[in-house]
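What follows is the residue order along each chain.
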2 protein chains.
Amino acid sequence: MDDYLPGYRDFVRSVLEKHGARIGCRIRLWLANNMVFEGILMPHHEFSSSDIIVVKLDNGYNIGISINRVSKIDVVECIERGGARAQEVIQKQKPVVKILGCGGTIASRVEYETGAVKPAMSPAELMEIIPELKDFAGYDVEVLFNILSEDMTPAHWKAIAESVYKSIANGVDGIVVTHGTDTMGYTAAALAFSLQNLPMPIALVGAQRSSDRPSTDAALNLLAAVVTTLKAPFGEVVVVMHSTPSDTEAFAHRGVKVRKMHSSRRDAFQSINDFPLAKIDLMKMEIKTINNRFIPRSKGFEEIKFSASFDDKVALVKAYPGFQSEIIDFLVDKKFHGIVIEGTGLGHIGSYTIESIRRAVEEGIAVVMTTQTLFGRVNMNVYTTGRRLLEAGVIPGEDMLPETAYVKLSWVLAQTRDLKEVKKMMLTNYVNEINPVHTHNLYPIWIH
Amino acid sequence: MDDYLPGYRDFVRSVLEKHGARIGCRIRLWLANNMVFEGILMPHHEFSSSDIIVVKLDNGYNIGISINRVSKIDVVECIERGGARAQEVIQKQKPVVKILGCGGTIASRVEYETGAVKPAMSPAELMEIIPELKDFAGYDVEVLFNILSEDMTPAHWKAIAESVYKSIANGVDGIVVTHGTDTMGYTAAALAFSLQNLPMPIALVGAQRSSDRPSTDAALNLLAAVVTTLKAPFGEVVVVMHSTPSDTEAFAHRGVKVRKMHSSRRDAFQSINDFPLAKIDLMKMEIKTINNRFIPRSKGFEEIKFSASFDDKVALVKAYPGFQSEIIDFLVDKKFHGIVIEGTGLGHIGSYTIESIRRAVEEGIAVVMTTQTLFGRVNMNVYTTGRRLLEAGVIPGEDMLPETAYVKLSWVLAQTRDLKEVKKMMLTNYVNEINPVHTHNLYPIWIH
């Protein structure tokens, strides 16, 4: 027997059946505040949570609306059961991807007067340039802000996290965040801590060449991000960017383990102390998981652990020979709440600074040690200075990137200022930001 | 006709001839303050400057002493001309290498009470452990200080540079600096700026495993450093360390282009934005130049441009989302002389900080921009924020490592505080700290 409501189940299915609605019917959904969505009822996508009704709007986008938000359903027109048009609609059924535009080169253009690149192009304009996007999904595009990524702050992380959360609540099948590349790694980490136990990957994507240049990597990166959010088996925040300078492959890097490692190359983003989660063939647009240590998709929106607050009184401070202790003293005097030190080697800073650090901890400031070598792990038990720093209350940052530790400390301190609890949370491995297994081939090969 | 004073020429040769001294004679050299060196007159090494007299002391070390320091020469005893003993001495003739001990793991041991590693072993003790050292040279060992490298400061850089300068003045054939690895890259850069136009490579060397552990890399690294300083054709400051985790090969990295990239691996040191200058086969202890863009050895001590002062009122500040402008304001208020920003991407920091940076420049503080991507070059003409920073007076750091730019700015500011002159010097390529030629294969390969 044919199923006229494929994918729908439980309460939503019974409501739709009660109204005589079936796939291909034109329906009208009334929400609070007299908001109305009208369009063709679409099949339910396997990844969507069960309370979602999917409607293709007249502008061509699919939208997922939770039954909980719907106060009334009208069936406007129904085509013949099992007829050609209904079959056509079923075959054309597409998942819905939310695109959250946050600026950056992927949505930028060259100012021809000056030659400089300015953020300008909206994700909607981008889709006009990249018609292939329509092969994979329908889209719901929202421009959150249009700034260059160096102007991102923890307040922006919060806004993006909230939009992602709302989008998943609305029943989308995938989420792509377009973002400037300079600080994309930081935002990816912030979203990863804010939105745990995700029912789908959140794919951050950017471009190293602006999207109106012939050599742009924007189109392929964006398509790869769409494929990742729709098809990858993991429920993690990832950065999707070219893996080589040629247009053959992209990586989906774990957001808490990725870093921009080159100022201009297309393959600037690389996983540090971890393997990327997946690679995407840019010719076939096929995704293949290459890291088995991942967090699988959760069952749905309800399972998300959402906590998107950040403490902006945290500093990331780099150690160097001659580092002036007065910089630590200043942060203490200014009542900062946390300091992440980008130390040397196994986690060191000049021993003459220990007294300032001890004072910071005594005044309730969380101090976390990471390493400027980026690769490898801190181990503060090997040398005397490390032991003295531990004894002064410094929290070792394991193999976390300094940038990730900075984001994490900001996220932790928004939840607790109790130093014991802060330490416990910093050492808790929430989203694979700590990799307990370092294999030999995590270190890249220098070609000399 | 036999030459009884091989290698000696000009004034030194005439003085030795006048005294009837020849190779193999036991001679006594009187210096200022009644200092006396007594030993066997050795042949003159091809790399030594022409004013040097080489004497093998009774402790087995060769020492080179400038004729300019000698107030009187006594010939104590001469063996038969052309006799067996003189031939033996000639055959055993060895160059003299100065080893300057500056601490670090290469000269450390495990405290068995606590399991921690403490600096302890002197370079002299180290040579007892590594008898192979005697195959390559005679040694003059001096322990400058015995500290862990996180405690190095610009004052230590100055002291090391002065010792290197003095050692070359004394006529040694090579110089090896043993140093902790955490900040070895910074010291290498400091020596490179302080001692330009060198007649020999200065080889900094360290170990990732302490020298009394069976797995130590100290022995092979030290031997490779000796080979480098004696045999390499360049007159640059280099870091000599394992190129792979196995004991097969070491690299001699250009000191201004090298960075510790792993907290614990033996091959932690890697050249960034440049190729190493040479590789050393650790089995055969043979050196091969692999980078043709190098500064050749100068003719001798007289040609060295020596300038070893550093301004310690320079800060290295990392940019991050939410970076607090008040950190810049604090450095301005505290009358710092220079700030190196480790910016994002092509050389950015949140545009909301530009006013603080403008004020810094207006108050005569040199502000230099580098990138935290490490690989690649800053280009502040591409995006609006970069252009505004340039307009505010920020000096672009080209492809210099943030760490190298920090050392260089400290060196420049010790010579001039005039911002125009500072800018000119920061953009002058003194010792290949700027690489104008980036080839594709300068970026390592991540194995995924």
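As the structure is a prediction and not an experimental result, all values here were calculated from the model.

Section: the overall build of chain A
Phase 1: Counting its secondary structure elements, chain A contains 11 helices and 23 strands.
Phase 2: Burial statistics for chain A: of 448 residues in total, 63% are counted as buried.
Phase 3: By element, 51% of the accessible surface of chain A is carried by carbon and sulfur atoms, the whole surface being about 15,800 Å².

Regarding helix 11 (residues 419-426) of chain B
Given 3.6 residues per helical turn, the α-helix brings residues three or four places apart onto the same face.
Residues and elements named next belong to chain B.
Phase 1: Looking only at helix 11, the buried set comprises Val 422, Met 425 and Met 426. All buried residues of helix 11 lie within an arc of 100 degrees about the axis, which places them on one face of the element. Set apart from the buried face of helix 11 by more than 90 degrees, the exposed residues are Lys 420 and Lys 424.
Phase 2: Structurally, helix 11 contributes buried residues whose contacts are with strand 22 (366-371), strand 23 (395-396) and helix 10 (402-413).

Some remarks on the packing of aromatic side chains
Phase 1: This model, assessed by the stated rule, comprises 25 aromatic pairs over all chains.
Phase 2: Measuring from ring centre to ring centre gives 5.3 Å for Phe375(A) and Tyr443(A), while their planes differ by 90 degrees; the resulting arrangement is edge-to-face. With Phe375(A) in the loop between strand 22 (366-371) and helix 9 (384-391) and Tyr443(A) in the segment after helix 11 (419-427), the pair connects residues that are 68 residues apart, well separated along the chain.
Phase 3: You can call Tyr443(A) buried: its relative accessible area is 4%.
Phase 4: Plain terms: the ring middles of Trp157(B) and Tyr406(B) are 6.4 Å apart, the flat faces sit at 75 degrees to each other, and that makes the pair edge-to-face. Highlighted residues: Trp157(B) in helix 4 (residues 154-169) and Tyr406(B) in helix 10, separated in sequence by 249 residues.

Concerning unusual backbone geometry
Phase 1: We note that Asn273(A) has phi near 60 degrees; this positive angle belongs to a residue other than glycine.
Phase 2: For Asn273(A), the position within the fold is in the loop between strand 16 (269-271) and strand 17 (278-281).
Phase 3: Here the phi dihedral of Met285(B) falls at roughly 50 degrees; this positive angle occurs in a residue that is not glycine.
Phase 4: Examined against the element boundaries, Met285(B) turns out to sit in the loop between strand 17 (278-281) and strand 18 (286-289).
Phase 5: The class for Met285(B) is buried, based on a relative accessible area of 7%.

Digging into the environment of Leu282(A)
Phase 1: As for its position among the elements, Leu282(A) is in the loop between strand 17 and strand 18 (286-289).
Phase 2: Non-local contacts of Leu282(A), meaning those with residues more than four positions away in its chain, are made with Leu220(A), Ala224(A), His242(A), Asp247(A), Thr248(A), Glu249(A) and Ala250(A).

Concerning the interface of chain B and chain A
Phase 1: Tallying the contact residues gives 84 residues for chain B and 84 residues for chain A.
Phase 2: Taken over both partners, the interface formed by chain B and chain A buries close to 7,000 Å², and the fraction arising from carbon and sulfur atoms is 57%.
Phase 3: Between Glu342(B) and Lys318(A) there is a salt bridge, and its shortest N-O distance comes to 2.5 Å.
Phase 4: Inspection of the region where chain B meets chain A yields 45 residue pairs in polar contact (both at pLDDT 80 or more).
Phase 5: Elements with a minimum of two residues in the side of chain B that touches chain A: strand 8 (117-119), helix 4, strand 15 (258-260), strand 16 (269-271), strand 20 (314-318), helix 7 (325-333), helix 9 (384-391) and helix 10 of chain B.
Phase 6: Partitioning the side of chain B that touches chain A into residue classes produces 38 nonpolar, 27 polar and 19 charged.

Examining the pattern of salt bridges
Phase 1: On inspection of all chains with the given rule, the structure shows 54 salt bridges over all chains.
Phase 2: As a salt-bridge pair, Lys260(A) and Asp182(A) come within 3.1 Å of each other at their nearest N and O atoms. Residue Lys260(A) is located in strand 15 (residues 258-260), and its partner Asp182(A) is located in the loop between strand 10 (174-178) and helix 5 (184-194); the two are separated by 78 residues in the primary sequence. Here Lys260(A) and Asp182(A) have matching classes, each one buried.
Phase 3: Measuring nitrogen to oxygen at the nearest pair gives 3.2 Å for the salt bridge that ties Lys98(B) to Asp140(B). Of this pair, Lys98(B) sits in strand 6 (residues 96-103) while Asp140(B) sits in strand 9 (residues 138-147), placing them 42 residues apart in sequence.

Here we look at the state of the cysteines
Residues and elements named next belong to chain A.
Phase 1: Counted by the stated rule, this structure contains 2 disulfides over all chains.
Phase 2: Note on cysteine connectivity: Cys 25 is disulfide-linked to Cys 78, with sulfurs 2.0 Å apart. Taking the sign of the S-S torsion, about 105 degrees here, the bridge from Cys 25 to Cys 78 comes out right-handed. Taken together, the residues span a long stretch of sequence, with Cys 25 in the loop between helix 1 (10-18) and strand 1 (26-31) and Cys 78 in the loop between strand 5 (70-77) and helix 2 (84-91) at a distance of 53 residues.
Phase 3: Owing to a relative accessible area of 33%, Cys 78 belongs among the partly exposed residues under this scheme.

A few points about the sheet that holds strand 21 (residues 338-343) of chain A
All names here are of chain A.
Phase 1: Spatially, 20-21-22-23 is the arrangement adopted by the 4 strands of the open sheet, whose pairing is parallel. With partners counted over all chains shown, the strands left at the sheet margins are strand 20 (314-318) and strand 23 (395-396), one partner each.
Phase 2: With 2 bridges connecting them, strand 22 and strand 23 associate as parallel partners. Opposite Val 368, over in strand 23, you have Ile 395 as the bridge partner.

Concerning the relation of the copies chain B and chain A
The pair of chain copies shares a relation made of a rotation about an axis and a shift along it.
Phase 1: Overlaying chain B on chain A yields an RMSD of 0.1 Å, the required transformation being a rotation through 180 degrees with an accompanying axial translation of 0.1 Å. Taken together, the turn and the small shift mark the pair as related by a two-fold rotation axis. Within chain B, Ile445(B) has its C-alpha nearest the rotation axis, a separation of 2.5 Å.
Phase 2: The fraction of interface residues of chain B whose copies in chain A are also interface residues reaches 100%, indicating that both copies meet through the same surface.

Observations regarding the sheet that holds strand 21 (residues 338-343) of chain B
All names here are of chain B.
Phase 1: Taken together, the 4 strands give an open sheet; going across it, the order is 20-21-22-23, and neighbouring strands pair in parallel fashion. With partners counted over all chains shown, the strands left at the sheet margins are strand 20 and strand 23, one partner each.
Phase 2: Alignment of strand 21 against strand 22, held across 6 bridges, turns out to be parallel. Note on strand 22: the bridge partner recorded for Glu 342 is Thr 370.

A few points about the environment of Lys424(B)
Phase 1: With respect to the element layout, Lys424(B) can be found in helix 11.
Phase 2: In sequence terms Lys424(B) and Ile395(B) are 29 residues apart; their C-alpha atoms lie 9.3 Å from each other.

Concerning the nonpolar core
Phase 1: Grouped together as the largest cluster of nonpolar side chains are 212 residues, with contacts concentrated most on Ile53(A), Val177(A), Ile202(A), Ile53(B), Val177(B) and Ile202(B).
Phase 2: Apart from residues lying up to four places away in sequence, Ile202(A) is in contact with Val164(A), Ile168(A), Ile175(A), Val177(A), Leu191(A), Glu236(A), Val237(A) and Val238(A).
Phase 3: By size, the runner-up hydrophobic cluster in this structure holds 31 residues, among which are Ile99(A), Ala137(A), Val238(A) and Leu282(A).

Thoughts on the UniProt feature "active site" (unreviewed entry) in chain A
All names here are of chain A.
Phase 1: According to UniProt, the feature "active site" (unreviewed entry) maps to Thr 105, Thr 181, Asp 182 and Lys 260 in the numbering used here. Taking the farthest pair of C-alpha atoms as the criterion, the annotated set spanning 156 residues converges on one region, since that pair is 14.3 Å apart.
Phase 2: Tracing the backbone through its elements, the reader meets Thr 105 in the loop between strand 6 (96-101) and strand 7 (108-110).
Phase 3: Structurally, Thr 181 can be placed in the loop between strand 10 and helix 5.
Phase 4: In this structure the side chain of Thr 181 is engaged in a polar contact, spanning 3.0 Å, whose partner is the side chain of Gln 208.

A short note on the pairing of strand 2 (residues 36-42) of chain A
Residue and element names in this part refer to chain A.
Phase 1: Across the 7 residues that make up strand 2, a large majority, 5, are buried.
Phase 2: As paired strands, strand 1 and strand 2 are joined by 5 bridges and run antiparallel to one another. Within strand 2, the position partnered with Arg 26 by the bridge is Ile 40.
Phase 3: The turn linking strand 1 back onto strand 2 is made up of 4 residues, and Asn 33 within it adopts a positive phi angle of 60 degrees.
Phase 4: With 4 bridges joining them, strand 2 and strand 3 (residues 52-57) adopt antiparallel strand pairing. Pairing of Met 42 across the sheet is with Val 54, part of strand 3.

Observations regarding a nonpolar patch on the surface
Phase 1: Residues Ile445(A), Ile447(A), Ile445(B) and Ile447(B) make up a contiguous nonpolar surface patch of roughly 310 Å² in combined accessible area.
Phase 2: If you trace the backbone, Ile447(B) turns up in the segment after helix 11.

Basis of the calculations
Residues numbered from 1 in each chain as written. Chains lettered and ligands numbered in written order. Predicted model: local features only at pLDDT ≥ 70, side-chain atom pairs only at ≥ 80, totals over all residues. Heavy atoms only, no water. Helix = DSSP H or I, 4+ residues; strand = E, 2+ residues; numbered from the N terminus. Buried < 20%, exposed > 50% of the residue type's maximum accessible area, 1.4 Å probe, protein only. Areas by Shrake-Rupley, 256 points an atom, 1.4 Å probe, with all protein chains shown as cover. Arc of directions from axis to C-beta. Contact = heavy atoms within 4.5 Å. Phe/Tyr/Trp six-rings, centres within 6.5 Å; stacked < 30°, edge-to-face > 60°. Buried area = accessible area lost by both parts, 1.4 Å probe. Salt bridge = Lys/Arg side-chain N within 4 Å of Asp/Glu carboxyl O. Polar contact = N/O pair within 3.5 Å; in protein donor to acceptor, adjacent residues only side chain to side chain. Nonpolar A, V, L, I, M, F, W, Y, C, P; charged D, E, K, R; others polar. Disulfide = S-S within 2.5 Å. Pairing = 2+ DSSP bridges. Least-squares fit on C-alpha atoms with pLDDT ≥ 70 in both. Core = buried A, V, L, I, M, F, W, Y, C linked by side-chain atoms within 4.5 Å. UniProt positions renumbered as here; feature names shortened; annotations may be inferred. Patch = residues over 30% accessible without salt bridge, like charges linked within 9 Å, V, L, I, M, F, W, Y side chains within 5 Å.

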